[in-house]
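Residues per chain are reported as follows:
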Amino acid sequence: MATLQYKLEKNDSQSRARAGIITTDHGQITTPIFMPVGTVGSVKAVNQGQLEDIVKAQIILGNTYHLYLRPGTEILEKAGGLHKFNGWNHPILTDSGGYQVFSLAGTRKIKEEGVLFQSHIDGSRHLFSPEKVMDIQRSIGADIIMAFDECPPAGCEYSYALKSMELTHRWLDRCFTRLAETPDKYGYTQNLFPIVQGSTFKDLRTASAEYIASKQAPGNAIGGLSVGEPEEELYRFTELCCNILPTDKPRYLMGVGTPWNILEAISLGVDMFDCVMPTRNGRNGMLFTANGVINIKNKKWADDFSPIDDAFPCQTSNYYSRAYLRHLFVAKELLAGQLASLHNLAFYLWLVGQARDHILQGDFDSWKRQMIPRLKTRL
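Now for a description of the structure that goes with this document. (Residues numbered from 1 in each chain as written. Predicted model: local features only at pLDDT ≥ 70, side-chain atom pairs only at ≥ 80, totals over all residues. Heavy atoms only, no water.)

So, on to the overall build of the chain. What the chain contains, in helices and strands, is 15 helices and 17 strands. The C-alpha atoms of the chain give 20 Å as radius of gyration, which agrees with the globular expectation for 379 residues (21 Å, within 12%). Overall, the C-alpha framework of the chain stretches about 60 × 50 × 40 Å when taken along its three principal axes. For the chain, the residues scored as buried account for 58% of the 379 residues in total. Counting only contacts in the chain whose residues sit at least 6 apart along the sequence, the fraction spanning at least 24 positions is 68%. When the accessible area of the chain is evaluated, it comes to approximately 15,200 Å², of which 50% is carbon and sulfur surface. Of note, the chain has its 40 positive side-chain charges centred 4 Å away from the centre of its 40 negative side-chain charges. (Helix = DSSP H or I, 4+ residues; strand = E, 2+ residues; numbered from the N terminus. Rg over C-alpha atoms; globule rule 2.2 N^0.38 Å. Buried < 20%, exposed > 50% of the residue type's maximum accessible area, 1.4 Å probe, protein only. Contact = heavy atoms within 4.5 Å. Areas by Shrake-Rupley, 256 points an atom, 1.4 Å probe, with all protein chains shown as cover. Lys, Arg positive; Asp, Glu negative; His and termini not counted. Charge placed at Lys NZ, Arg CZ, Asp CG, Glu CD.)

Moving on: the side chain of S164. Residue placement: S164 occurs in helix 7 (residues 158-181). Note on S164: relative accessible area 1%, which makes it buried. Every residue in contact with S164, bar those within four places of it in the chain, is listed here: E150 and P152.

In the contact formed by helix 13 (residues 322-330) and helix 14 (residues 334-361), the axes pass within 7 Å of each other and the chain directions differ by 135 degrees. Taken together, the axes of helix 13 and helix 14 are oblique relative to one another. Helix 14 is crossed by helix 13, and the crossing has left-handed handedness. Across the interface between the two elements, Y324, L325, L328 and F329 from helix 13 touch L335, A336, G337, L339 and A340 from helix 14. Of the residues assigned to the contact of helix 13 with helix 14, the class counts are eight nonpolar, one polar and no charged. (Axes fitted to C-alpha atoms, helices over the stretch in contact; angles between N-to-C directions. Parallel < 35°, antiparallel > 145°, perpendicular 65-115°, else oblique. Left-handed = near helix turned anticlockwise from the far one by under 90°. Nonpolar A, V, L, I, M, F, W, Y, C, P; charged D, E, K, R; others polar.)

The next point concerns the pairing of strand 17 (residues 292-295). Taken together, the four bridges between strand 16 (residues 286-289) and strand 17 define a ladder with antiparallel strand orientation. Bridge pairing links F288 to V293 in strand 17. Between strand 16 and strand 17, which follow one another and run antiparallel, lie two residues. (Pairing = 2+ DSSP bridges.)

Oppositely charged side chains may form a pair once their charged atoms are brought near each other. Applying the stated rule across the entire model yields 13 salt bridges. Linking R356 and E9 is a salt bridge whose minimum nitrogen-to-oxygen distance equals 2.6 Å. Of this pair, R356 sits in helix 14 while E9 sits in strand 1 (residues 5-11), and the two are 347 residues apart along the sequence. For R356, a relative accessible area of 12% gives the class buried. Ionic pairing is found between E112 and R170, a salt bridge with its closest N-O pair at 2.8 Å. In this pair, E112 is assigned in the loop between strand 7 (108-110) and strand 8 (115-118) and R170 in helix 7, connecting sequence segments 58 residues apart. E112 sits in the partly exposed class, given a relative accessible area of 40%. (Salt bridge = Lys/Arg side-chain N within 4 Å of Asp/Glu carboxyl O.)

The subject of this paragraph is the sheet that holds strand 1. Where strands meet in a sheet, backbone hydrogen bonds hold them as pairs that are either parallel or antiparallel. A sheet is described by the order of its strands in space; here three strands give the open sequence 1-2-3, paired in antiparallel fashion. With partners counted over all chains shown, the strands left at the sheet margins are strand 1 and strand 3 (27-31), one partner each. Across the sheet, the axes of successive neighbouring strands diverge by a mean angle of 15 degrees, strand direction being ignored.

Inspection of the entire model under this criterion finds 16 aromatic pairs. Centre to centre, the rings of F312 and W350 are 5.4 Å apart; their planes meet at 35 degrees, and the pair counts as tilted. You can see F312 sitting in the loop between strand 17 and helix 12 (315-319) and its partner W350 sitting in helix 14, a full 38 residues away along the chain. Accessibility classification places F312 together with W350 in one group, the buried group. Between F364 and W367 the ring centres are 6.0 Å apart and the planes differ by 45 degrees, which places this aromatic pair in the tilted class. (Phe/Tyr/Trp six-rings, centres within 6.5 Å; stacked < 30°, edge-to-face > 60°.)

A few words on the nonpolar core. The biggest cluster of nonpolar side chains holds 99 residues, and the ones touching the most others in it are Y252 and I266. Counting residues per element, this core draws most heavily on helix 14, at eleven residues. Listed in part, the eleven residues of the second largest apolar core include L287, W301, L325 and F329. (Core = buried A, V, L, I, M, F, W, Y, C linked by side-chain atoms within 4.5 Å.)

Written out as structure tokens, the structure is:
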């Protein structure tokens, strides 16, 4: 069916922030956008109705590595793809599994053909090649699929980063070739996003961004950041990549990050974000609010009967009190993690929505400068 389209609506006059609309076969996505992470086809502790009605999510993620291992491509194909399997009728993006390969450093072997790795579930051995990863993502059926890449660790030597980048580029060519040889499944288009690598070396990042830009893909991703490098390097290399990647295609900064990271990256020209932080930190009692960060397990909240956060409209955040949510965590109730996850996700989606509104209004930069100190405050 239709290839993904990106319409630029407005550029901010004081920064590189921009507002746009991405159109896929499963609907439109307004940008800037945050994408909740549903690694195994499920955003932890949150059901699809809540994602629609409370979080206001427009697109969610799945992960090739995890979905390949469970439930497997055979089940997903019988179901008619991930959309039908999990009941999410809006756009889906799948990560290629490259980051999981990076995180399995002790049980994987990288070679030209691909990556040989052991399953974290049962120890069984598998090979991910660019071709196989494309086939798996065809079977999953996401609207946006990611190229298979190697994500080098933060602080790696130049020689390793260079070798890794060149391998990522060769794998990318194989990804494009495989997609050209195979049809879309389930009656809609899978759009391939290449990934910029190069660690924290300016010449490698520049070369990689130029190579990725030359492919004229429907969108482009920036990978290999937020893996342990200092925050200033995250921004420096994000800006470098955004200055090279085409302006008429969406830019996706993978795995980022805190609310203030997201606002800074929006100001540099990024359109799309994902991170496990809202749900993972939420399940551990960390809440992101419009006025700062709360550790809800602290005793100071035990008799605070004010709403979790009434600075933005969310039925969960406005209805339940901080004292009640703290009680649920202390009592180890399952509802605690669910409410905290719902709040954090709804907050992230509200925040990027506010960023979009201020870009369209023409005052994004001044709004961002006011918001970031508030967001970083420890309450």
